[in-house]
Amino acid sequence: QRRWYDTENEYYLLLFTVSVRCLFCTSFSLEYCWHAPSQKSSHSFPWMLAYVFYYPTFHNGPLINFDEFSKQMRRQEAFSVKSNLIILIVGIIRIFFWWCLAELMIHLMYIHALYSSALPLESASYWALGGLALAQVLFFYVKYLVLYGVPGLLLQMDGLKPPALPCCVSLMHSFTKMWRSFDVGLHRFLVRYIYVPMGGSQSSLLGTLLSTALTFAFVSYWHGGQSYLWYWGALNWLGVIVENGTKRILSISLIQDLI
């Protein structure tokens, strides 16, 4: 459908929107399959349309599982003009600050230009490359504060509770925490629809390894399936496995006594 659009940005927005809609459709379909026939009324076609095409989350997310969405939509919330106005004003100020910071990073630090040009990266020292890598991750974090901050504010105005915004990546030292707290909506989706149905932490060691591997395989495939994404997913899977394995070893009483 590239010919529909004049610019790459518009086409990229289409791809991003469709990929996110696929997750919403998957969530609704699995919830529909898991419920008994007597409960199908709460998973009707109008509910599917309301969920998949709910506009605040339509383009960028954040991802909200259907069971959570339907529960919040059915719950009657008391509306307060004063409190909602305060939330709106504070939210706009915070998002405007994040947006300005992201624009400054693009125009003054050449964030987008750097990773698309190999020549300056090849000539940089290892310390400089480490700093550039950290700058890229921090920019990614600030960008997501804007991308999820705007729809999150609209969700709050509509009486819903959005997933928590990403935690600052500079405060993280764990693969597991990164996956749990950077994109909270995606994490809940992966746990509910892939990790737990495949056995999760309640299964054997081999089953846990398999369910974790399938979860990261899904993430890599959903993001595009290019070779670098498979490497990225495999390294994250390895990091999570090493962390959880270390925790299990350190929980042994003999090891604790030695420590």
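Sequence order sets the numbering: in each chain, residues are counted from 1 along the sequence as written. The predicted nature of this model means local features are confined to residues of pLDDT at least 70 and side-chain atom pairs, given and counted, to a pLDDT of 80 or more, with totals for whole chains, interfaces and linings taken over all residues. The side-chain figures draw on all heavy atoms in the structure; neither hydrogens nor water molecules are used.

(A) Broad picture of the overall build of the chain. Only DSSP runs of H or I reaching four residues or more are called helices, and only runs of E reaching two or more are called strands; each is numbered from the N terminus. Assigned secondary structure in the chain consists of 12 helices and 0 strands. Over its C-alpha atoms, taken along the principal directions, the chain stretches across nearly 55 × 55 × 45 Å. For every residue, the accessible area (1.4 Å probe, protein chains only) is compared with the maximum for its type, and the residue is labelled buried under 20%, exposed over 50%, or partly exposed between those bounds. Burial statistics for the chain: of 259 residues in total, 32% are counted as buried. The contact criterion used is simple: two residues touch if any of their non-hydrogen atoms lie within 4.5 Å. Put simply, of all contacts in the chain between residues at least 6 apart along the chain, 63% involve residues at least 24 apart. Element-wise, carbon and sulfur atoms account for 69% of the exposed surface of the chain, whose accessible area totals about 16600 Å². His is not counted, nor are the chain ends; Lys and Arg add positive charge and Asp and Glu add negative charge. Charge positions come from single atoms, namely NZ of Lys, CZ of Arg, CG of Asp or CD of Glu. Within the chain, the 13 negative side-chain charges are centred at a point lying 8 Å from the centre of the 17 positive side-chain charges. Under the convention used here, a 1.4 Å probe and the Shrake-Rupley method define accessible areas, while residue burial counts only the protein chains that appear.

(B) The UniProt feature "transmembrane region" (unreviewed entry) in the chain, seen in detail. UniProt feature "transmembrane region" (unreviewed entry): in the numbering of this structure it lies at residues 12–32, 44–64, 85–106, 126–147 and 205–223. End-to-end, the C-alpha atoms of residues 12–32 are 30 Å apart, and along that stretch the chain is 100% helix and 0% strand. Helix makes up 38% of residues 44–64 and strand 0%, whereas the separation of the span's terminal C-alpha atoms amounts to 18 Å. UniProt positions are given in the numbering used here, feature names are shortened, and annotations may be inferred rather than shown by experiment.

(C) Spotlight on the packing of aromatic side chains. Pairing of aromatic rings covers Phe, Tyr and the six-membered ring of Trp, with a centre-to-centre limit of 6.5 Å; geometry is then stacked below 30 degrees between planes, edge-to-face above 60, and tilted otherwise. One pass over the full model with this rule turns up 21 aromatic pairs. Ring geometry for Trp 4 and Tyr 5: centres 6.4 Å apart, planes at 55°, overall tilted. For Trp 4, a relative accessible area of 55% corresponds to the exposed category. Residue Tyr 5 is classed as partly exposed on the basis of its relative accessible area of 24%. With 6.0 Å between their ring centres and 25° between their planes, Phe 53 and Phe 58 make a pair best called stacked. Through a chain of ring-to-ring contacts, three or more aromatic side chains come together here, namely Phe 24, Phe 28, Tyr 32, Trp 47, Tyr 51, Tyr 54, Phe 66 and Phe 69.

(D) Highlighting unusual backbone geometry. Omega for the peptide link from Gly 61 to Pro 62 comes to 5°, which places this bond in the cis form. Considering the arrangement of structural elements, one finds Pro 62 in the loop between α2 (45–52) and α3 (66–74). A positive phi angle, close to 55°, is found at Tyr 110, a residue other than glycine. Residue classification places Tyr 110 among the exposed positions, given a relative accessible area of 53%.

(E) Up close: the environment of Ser 220. With respect to the helices and strands, Ser 220 occurs in helix α10 (residues 205–222). Setting aside residues no more than four positions away along its own chain, Ser 220 makes contact with Gly 225, Leu 229, Trp 230, Trp 232 and Gly 233.

(F) Summary view of the domain arrangement of the chain. Domain ranges listed in this record stem from an automatic or a database domain assignment. Each assigned domain of the chain is listed with its residue range as follows: domain 1 (8–75) and domain 2 (165–258). A C-alpha centroid distance of 24 Å is found between domain 1 and domain 2. On the domain 2 side, the residues contacting the 13 residues of domain 1 number 9 residues. Values labelled buried area give the accessible surface lost by two parts on being combined, using a 1.4 Å probe and summing over both. Surface buried jointly by domain 1 and domain 2 totals about 1000 Å² across both partners, of which 62% is contributed by carbon and sulfur atoms. Of all residues in domain 1, the largest losses of buried area upon contact with domain 2 belong to Leu 23, Leu 63 and Asn 65, amounting jointly to 47% of the total for that side. We define a salt bridge as a side-chain nitrogen of Lys or Arg found within 4 Å of a carboxyl oxygen belonging to Asp or Glu. At the surface where domain 1 touches domain 2, the tally comes to 3 salt bridges. Salt-bridge contacts for Arg 192 lead to Asp 67; the nearest nitrogen and oxygen are separated by 3.7 Å. Think of a polar contact as two N or O atoms within 3.5 Å of one another; within protein, one of them needs to be a possible hydrogen donor and the other a possible acceptor, and neighboring residues in sequence only count if both atoms come from side chains. There are 5 residue pairs in polar contact (both at pLDDT 80 or more) connecting domain 1 and domain 2. At the level of elements, α1 (8–34) and α3 are the ones that each hand at least two residues to the side of domain 1 that touches domain 2. The element that contributes the greatest number of residues to the side of domain 1 that touches domain 2 is α1, accounting for 8 residues. Side-chain classes are defined by residue name, with Ala, Val, Leu, Ile, Met, Phe, Trp, Tyr, Cys and Pro counting as nonpolar, Asp, Glu, Lys and Arg as charged, and the others, Gly among them, as polar. Residues of the side of domain 1 that touches domain 2, tallied by class, amount to 6 nonpolar, 4 polar and 3 charged.

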